[in-house]
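Structure assessment
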Amino acid sequence: MAFSGPCKWLIKCAALLAILAAQVNGIDIYLEWIVDINYISPAQFIQPVITINGMFPGPLINATTNDFVHVNVYNNLDEPLLITWNGIQQRLNSWQDGVSGTNCPIEPGQNWTYVFQIKDQIGTFTYFPSINFQKAGGGFGPIRVNNRNVINVPFPKPEAEFDLMIGDWFYNDYKVIRSNQNGISFGNNVPNVFLMNGKAPYGLPNTLASESFTVTQGKTYRFRISNVGTALSFNFRIQNHQMVLVETEGSYTNQTTFDSLDVHVGQSYSVLVTANQVGADYFMVATPKLLDTDDNSSLVAKGVLHYANSATTVTGPLPSGPDPFDLEFSVNQAKSIRWNMTAGAARPNPQGTFNVSNVTLTQTFILHGSLAQINGVPRYAVNNVSYLTPNTPLKLADQFVNGSGVYQLDAFPVHSINDAGAYGTSVVTGDHKGWLEIVFKNDLEAMDSWHLDGYGFYVVGFGGGEWTPKSRNTYNLLDPVVRSTVQVYPGWWTAVYAFLDNPGMWNLRSQHLTHWYKGQELYIRVHDDDPNPLKEKPPPENVLLCG
């Protein structure tokens, strides 16, 4: 039967609506992961490494906004395991967050399926084990979240995309490093080597492979760079090439050209690199911040950008970078990274539709990260309170016993520092649909970085010394970048805003692994009494019980 006129028009509209609905609803992605120990040699020594399906780093999760991801994780380790999705906001669903405050661990020999929707996000993220210091042993990998077809990307489609996971690494078994954290001192916490995608620096003796990317002259490529290390920030650069920054952890940025880029623990960036040099091989280098190294150090990550028409091997010297102790360079670069206010991201409206130029703050937290002595044992702390993990996850306690006996809500000081160091299961109230200002003050001599599950930070300000209310006069409220992890420089403060529209129990933590493991975290309970499931999802049918 043939159709014409209005009927034909209605059929076309119905078909278009069906396509749009499919794009909005997303698809289901099913993954089976076997988490195990394999004895491999990332750099110089054979050691136990946490692998996923035999891979180190683990497999790529490649999804599109609104997709549902199902990850069935089999724990073949000899100890409990949790995986967290670093920067994926778990809309209305902190049950899938994969941290000790929301989930019981997957016991050895058992499996559990995470199910979460990648909602209202695009960009570059990572996943990793969140308990037992396991991230120092591997188990991390990349996440890409792509735009729906109806959303324009604010740059031409690159020839190819590469995931580049760079991080510090220890030669010792992660369990040995972990045991060093549990005594009256922290032992030697300086890592031994920097890896690129789990591979040793180019030219390091007694190593089998280094990382290399093949490019075609004249083409442009997207590199998704993530710091998957435990402690050290790094500066990344490519010999004779510039990088155009386009995205960070779910936000399109103003397209700024950099010769080098600082990347702090837990952070991710996308840069565009055009292969516009003569056909040759070029060094890709990451050097640690706040640490003296030379070109031959194992703590200088070295890979190769290989032109397909190259007949020569890479030659030095390495591309020079900023002084690793020059905080002014790093701060100025951080301030120059701004939100692209005209680009769309996960939704059709431009990012600039969601701005902070005239918001009303409902809460302010001033959080000092520092060392504390508690019963003669050094611990990392927030406002002199070091987090103590209860046997029952906070989210589980909320659901079944109203938190009774597991934690005391709002006992943690959000504006002041405890007189003496103390342990605490720190849980604070976040006003649902309120604007929260967090001022992170780093009282340590090391670089730190902070992350809040479930949300993005509007990064509004950096400053040296103490923060005061007058410091708000220095904030950038016009176009602050939105990202999931923000750096805090030694002796400095960083200020962020967060719109608490995502009910749940959310982990606020240092991304520096030792700081986190030794107590530098708390939880924000964002609660809505409305039982409407559209406000917050109920416990999943497969919820694990413990404690």
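Thresholds, definitions, all that
- Residues numbered from 1 in each chain as written.
- Predicted model: local features only at pLDDT ≥ 70, side-chain atom pairs only at ≥ 80, totals over all residues.
- Heavy atoms only, no water.
- Helix = DSSP H or I, 4+ residues; strand = E, 2+ residues; numbered from the N terminus.
- Buried < 20%, exposed > 50% of the residue type's maximum accessible area, 1.4 Å probe, protein only.
- Areas by Shrake-Rupley, 256 points an atom, 1.4 Å probe, with all protein chains shown as cover.
- Lys, Arg positive; Asp, Glu negative; His and termini not counted.
- Charge placed at Lys NZ, Arg CZ, Asp CG, Glu CD.
- Phe/Tyr/Trp six-rings, centres within 6.5 Å; stacked < 30°, edge-to-face > 60°.
- Lys NZ or Arg CZ within 6 Å of the ring centre and 35° of its normal.
- Pairing = 2+ DSSP bridges.
- Axes fitted to C-alpha atoms, helices over the stretch in contact; angles between N-to-C directions.
- Disulfide = S-S within 2.5 Å.
- Salt bridge = Lys/Arg side-chain N within 4 Å of Asp/Glu carboxyl O.
- Polar contact = N/O pair within 3.5 Å; in protein donor to acceptor, adjacent residues only side chain to side chain.
- Patch = residues over 30% accessible without salt bridge, like charges linked within 9 Å, V, L, I, M, F, W, Y side chains within 5 Å.
- Core = buried A, V, L, I, M, F, W, Y, C linked by side-chain atoms within 4.5 Å.
- Contact = heavy atoms within 4.5 Å.

The number of helices and strands found in the protein chain is 5 helices and 32 strands. Taken along the three principal axes of its C-alpha coordinates, the protein chain extends 75 × 70 × 55 Å. A total of 547 residues make up the protein chain; the buried ones form 57% of that total. Accessible surface for the protein chain amounts to roughly 21,700 Å². Of this, 52% is attributable to carbon and sulfur atoms. Of the charged side chains in the protein chain, 32 are positive and 44 negative, and the gap between their average positions amounts to 7 Å.

Now for the packing of aromatic side chains. Within the structure shown, the criterion is met by 30 aromatic pairs. Arranged with centres 4.6 Å apart and planes meeting at 40 degrees, the rings of Trp33 and Tyr127 form a pair that is tilted. Taken together, the positions of Trp33 in strand E1 (residues 28–43) and Tyr127 in strand E7 (residues 123–129) put the pair 94 residues apart, joining distant regions of the chain. Pair check on accessibility: Trp33 and Tyr127 agree, each one buried. Measuring from ring centre to ring centre gives 6.1 Å for Tyr475 and Tyr497, while their planes differ by 75 degrees; the resulting arrangement is edge-to-face. Of the two residues, Tyr475 sits in the loop between strand E27 (457–464) and strand E28 (482–483) while Tyr497 sits in strand E30 (residues 492–499), which places them 22 residues apart along the sequence. The exposure classification of Tyr475 matches that of Tyr497, with both residues buried. Taken together, the ring pairs in this structure connect Trp33, Trp85, Trp112, Tyr114, Phe116 and Tyr127 into an aromatic cluster. Directly above the aromatic system of Phe128 lies the positively charged group of Lys135, at a separation of 4.5 Å from the ring centroid.

Taking strand neighbours across the sheet as the criterion, the 4 strands line up as E2-E1-E4-E6 in an open arrangement whose pairing is mixed. Both edges of this open sheet fall to strand E2 (45–52) and strand E6 (111–117), since each of them pairs with a single strand only. Pairs of neighbouring strands in the sheet enclose a mean axial angle of 20 degrees, with direction left out of account. For strand E4 (residues 68–75) and E6, the ladder comprises 7 bridges, and the chain directions are antiparallel. Counterpart to Val71 in the pairing with E6 is Tyr114.

In space, the 4 strands of this open sheet follow the order E3-E8-E7-E5, with mixed pairing throughout. Two strands close off the open sheet at either side, each with one partner strand: strand E3 (61–64) and strand E5 (83–86). In this sheet, neighbouring strand axes are inclined to one another by 20 degrees on average, regardless of whether the strands run parallel or antiparallel. Bridge count between E7 and strand E8 (residues 141–146): 5 bridges; the pairing is antiparallel. Bridge pairing in E8 places Thr126 opposite Pro142.

A separate point is unusual backbone geometry. Look at the link from Phe56 to Pro57: it is a cis peptide, with omega at -10 degrees. In the segment running from Gly316 into Pro317, the intervening peptide bond is cis, with an omega of -5 degrees. Relative to the assigned elements, Pro317 resides in the loop between strand E19 (301–307) and helix H3 (327–336). In this structure, Asn240 takes a positive phi of about 65 degrees despite not being glycine. Relative to the elements of secondary structure, Asn240 occurs in the loop between strand E13 (234–238) and strand E14 (243–248).

Once that is clear, we can look at the state of the cysteines. Put plainly, two cysteines are in a disulfide when a covalent bond ties their sulfur atoms together. Summed over the entire model, instances satisfying the criterion amount to 1 disulfide. A sulfur-sulfur distance of 2.1 Å marks the disulfide that ties Cys104 to Cys546. Residues Cys104 and Cys546 are joined through a disulfide that is left-handed, its torsion about the S-S bond being -90 degrees. Taken together, the residues span a long stretch of sequence, with Cys104 in the loop between E5 and E6 and Cys546 in the segment after strand E32 (521–526) at a distance of 442 residues.

Let's shift gears to the pattern of salt bridges. Pairing is possible between side chains that carry opposite charge, provided their charged atoms lie close to one another. Under the criterion given, the structure shown has 18 salt bridges. Arg91 is the partner of Asp501 in a salt bridge, and the nearest nitrogen-oxygen pair spans 3.0 Å. Pair noted here: Asp501 is in the loop between E30 and strand E31 (504–510) and Arg91 is in the loop between E5 and E6, with a separation of 410 residues, a long-range link. Between Glu249 and Arg483 there is a salt bridge whose closest N-O contact spans 2.6 Å.

The topology assignment puts Ser41 in strand E1. Considered as a pair, Ser41 and Tyr171 are 130 residues apart in the sequence and their alpha carbons are 9.3 Å apart. Separated by 3.4 Å, the side chain of Ser41 and the backbone oxygen of Phe45 make a polar contact.

Moving on, we get to a nonpolar patch on the surface. On the surface, Phe400, Val401 and Leu545 cluster together into a nonpolar patch covering about 320 Å² of accessible area. As for its placement among the helices and strands, Val401 is situated in helix H4 (residues 394–401).

For E8, a buried count of 5 out of 6 residues is recorded, marking the element as mostly surrounded by other parts of the structure. Pairing analysis gives 4 bridges linking E3 to E8, with the strands arranged parallel. Bridged to Thr64 within E8 is Asn146.

This brings us to the nonpolar core. Grouped together as the largest cluster of nonpolar side chains are 78 residues, with contacts concentrated most on Ile166, Phe223, Phe236, Phe440 and Leu508. The contact partners of Phe236, leaving out residues within four places of it in the chain, are Leu164, Ile166, Met196, Ile225, Met243, Asp259, Ser260, Leu261, Met284, Val285 and Ala286.

Turning to the environment of Asn542, a few remarks are in order. For Asn542, the location among the structural elements is in the segment after E32. Judged by its relative accessible area of 32%, Asn542 is partly exposed. When the C-alpha atoms of Asn542 and Tyr114 are compared, they prove to be 9.3 Å apart, with 428 residues separating the residues in sequence. Not counting the four nearest positions on each side in its chain, Asn542 is found in contact with Trp112 and Thr113.

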